[in-house]
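Next come the chains, spelled out residue by residue.
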Amino acid sequence: MASNKRDYYEVLGVARSASDDELKKAFRRLAKQYHPDANKEPGAEARFIEINEAYEVLNDPQKRAAYDRYGHAGVGNGSGSGFSDFAGFSSINDLFETFFAGATGTQRRTGTQRGADLRYDLTITFEEAVFGCQKEIELPRWETCSNCKGNGAQPGTSTTRCSSCQGTGEIRRVQQSIFGQFVNVTMCERCRGEGRVITTPCEKCRGQGRVRNNRRVVVNIPAGVDDGINVRVTGEGEVSSRGGTPGNLYVILTVKSHPFFKRSGNDILYEMPINFTQAALGDEVEVPTVDGKTTMLKIPAGTQTSLRKPKTFSNKIVAHLSVVKQVEGPVRGYSTCRPFDYLYSLTKFYNNR
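What counts, and where the lines are drawn
- Here, residues in each chain are numbered from 1, in the same order as that chain's written sequence.
- A pLDDT threshold of at least 70 governs which residues receive local features in this predicted model, and a stricter bar of 80 or more applies before side-chain atom pairs are shown or counted, although totals over entire chains, interfaces and linings include all residues.
- Side-chain figures throughout are based on the complete set of non-hydrogen atoms in the structure, without hydrogens or water.
- Numbering of helices and strands runs from the N terminus; a helix is a DSSP stretch of H or I covering at least four residues, while a strand is a stretch of E covering at least two.
- Here the axes come from fitting lines to C-alpha atoms, over the contacting stretch only for helices, and the angles between their N-to-C directions go from 0 to 180 degrees.
- Roughly parallel means an angle under 35 degrees; roughly antiparallel, over 145; roughly perpendicular, 65 to 115; everything else is oblique.
- Helix crossings are classified by the rotation of the near helix relative to the far one: an anticlockwise turn of less than a right angle makes the crossing left-handed, while a clockwise turn makes it right-handed.
- What makes two residues a contact is simply this: any of their non-hydrogen atoms within 4.5 Å.
- Nonpolar residues are Ala, Val, Leu, Ile, Met, Phe, Trp, Tyr, Cys and Pro. Charged residues are Asp, Glu, Lys and Arg, and all others, Gly as well, are polar.
- The span expected for a helix works out to 1.5 Å for each residue beyond the first.
- Buried, partly exposed and exposed residues are distinguished by accessible area as a fraction of the type maximum, computed with a 1.4 Å probe on protein chains only: under 20%, between the cut-offs, and over 50%, respectively.
- Any two strands with at least two DSSP-identified bridges between them are counted as paired.
- Nonpolar cores were defined as sets of buried Ala, Val, Leu, Ile, Met, Phe, Trp, Tyr and Cys residues, with membership established by side-chain atoms within 4.5 Å.
- Here a polar contact is taken to be a pair of N or O atoms separated by no more than 3.5 Å, where protein atoms must pair a possible hydrogen donor with a possible acceptor and residues adjacent in sequence count only if both atoms sit in side chains.
- Each pair of aromatic rings taken from Phe, Tyr and Trp, with Trp reduced to its six-membered ring, is defined by centres within 6.5 Å and is described as stacked if the planes are under 30 degrees apart, edge-to-face if over 60, and tilted in the remaining cases.
- Lysine NZ or arginine CZ positioned within 6 Å of the ring centre and within 35 degrees of the ring normal marks a charge as sitting over the ring.

**Some points on unusual backbone geometry**
- Positive phi outside glycine occurs at Lys149, with the angle close to 60°.
- Note on placement: Lys149 falls in the loop between strand E2 (133-144) and strand E3 (159-161).

Pasting the structure below:
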């Protein structure tokens, strides 16, 4: 019964002299607090219905005047709508997105979208990864139709304004709620947001504005790339229908292994066996480099670790050549010699083999 209902001003927590803005702010706060999607406590739904009913009465000048004069009897059984006014909102996010839609404005939708990105797997040699290179690849993709230049209409014909959206690319539907009138804006399905429709489609692309072709693309591989690196080629992806911005091409690199060079970060490793006397007495050896040339590497006497030598190539790339030594053991029959005589004897033995 109406006599058992709480005072609507008390429900919203405002004074009887509250302005329309004060009523609206109070309702926003309470509706968000007690909406069933946000509040699972017992009685939250009933409280939300009560808040909705109070606001619908006090927000209407005529109903508010009748309520101020006669109380609940002046508005019958309240608003009569209860929770049903929110039936169109599946969640609290839908409710407040609709409520605040007018404050943020709407952005015109357009059917021209960015084209899809493409991926291409490319295998290169070890040397190409070190020095960089250019590779020409061929790939199938969507390209702009050369006949209609991407607009989808047969040459010599023109597009017409969409009759569904009157050229705006949007369909606006007015929705009535307790907050007043709200406009729901969606993309026009007939023209796909472009505002114009094709009366005579292009014979080559059938109105799509693009065709499937094989295209050759030159890819610049920078120096120093490693296995698994992605090289982006801007604008070499697929075009979207009717003149959209093309996507990008991403080239995924796989580097072949080298017969005797290995890579460790920015270092190039080369494993070179040396004999025992070279490790003990020191020596200067010739080692290959990745550019196909050789360089001299000095082995200090008594060294037991890998040697690193910076090498600057013709394109100003500096690599550290690491020589991992495999020391061959001593030769039998010289164990009774003095240490240095023994080592020099070993040197002669290795050199004469």
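**Thoughts on the packing of helix H2 (residues 20-34) against helix H3 (residues 44-58)**
- Direction vectors running N to C along H2 and H3 enclose 165°, while the axes themselves pass 9 Å from each other. The pairing of H2 with H3 is recorded here as roughly antiparallel in orientation. Judged by the twist between their axes, the crossing of H2 over H3 is left-handed. Residues Leu23, Lys24, Phe27, Leu30, Ala31 and Tyr34 of H2 form the contact with H3, whose own contacting residues are Ala44, Arg47, Phe48, Ile51, Asn52, Tyr55 and Leu58.
- Residue composition of the contact of H2 with H3, grouped by class: 10 nonpolar, one polar and two charged.

**Digging into H3**
- With 15 residues, H3 extends 21 Å from end C-alpha to end C-alpha; this agrees with the ideal 21 Å at 1.5 Å per step.
- Taken across its 15 residues, H3 has 11 buried, putting it largely inside the fold.
- Considered for burial, the residues of H3 that qualify are Ala44, Arg47, Phe48, Ile51, Asn52, Glu53, Ala54, Tyr55, Glu56, Val57 and Leu58.

**Looking at the sheet that holds strand E9 (residues 249-255)**
- Across the sheet, three strands lie side by side as E1-E9-E8; this open sheet has mixed pairing. Looking at strand neighbours, the two that pair on one side only are strand E1 (118-124) and strand E8 (230-233), the edges of this open sheet. Looking at each pair of strands side by side, their axes are set apart by 25° on average, direction ignored.
- Pairing between E1 and E9: seven bridges, direction parallel.

**Digging into the nonpolar core**
- Tyr8, Leu12, Val14, Leu23, Ile51, Leu58 and Tyr67 are the most contacted members of the largest nonpolar core, which has 20 residues in total.
- Only helix H1 (8-12), H2 and H3 provide two or more residues apiece to this core.
- Ignoring anything within four residues of it in the chain, the contact list for Tyr67 reads Arg6, Asp7, Tyr8, Tyr9, Arg16, Val57, Leu58, His72 and Val75.
- Counting 17 residues, the second-largest nonpolar core is a separate cluster that includes Ile124, Val233, Leu249 and Val255.

**A word on the side chain of Arg141**
- With respect to the secondary-structure elements, Arg141 resides in strand E2.
- Among the polar contacts listed, one links the side chain of Arg141 to the side chain of Glu236, at a separation of 2.8 Å.
- Residues within four places of Arg141 in sequence aside, it is in contact with Leu118, Val211, Arg212, Asn213, Arg215, Gly235, Glu236, Gly237 and Glu238.

**Brief notes about the packing of aromatic side chains**
- Applying the stated criterion across every chain, the model contains six aromatic pairs.
- An angle of 45° between the planes, with centres 6.1 Å apart, marks the rings of Tyr9 and Tyr67 as tilted. Of this pair, Tyr9 sits in helix H1 while Tyr67 sits in helix H4 (residues 61-70), and the two are 58 residues apart along the sequence. As far as the burial class goes, Tyr9 and Tyr67 line up, both buried.
- Between Phe260 and Tyr270, the ring centres sit 5.8 Å apart and the planes meet at 80°, which makes this aromatic pair edge-to-face. Pair noted here: Phe260 is in the loop between E9 and strand E10 (261-264) and Tyr270 is in strand E11 (residues 267-275), with a separation of 10 residues, a long-range link.
- Note on Phe260: relative accessible area 41%, which makes it partly exposed.
- A network of ring pairs unites the aromatic residues Tyr8, Tyr9 and Tyr67 as a single cluster.
- Residue placement shows Arg47 over the ring face of Tyr34; its charged tip is 4.9 Å from the ring centre.

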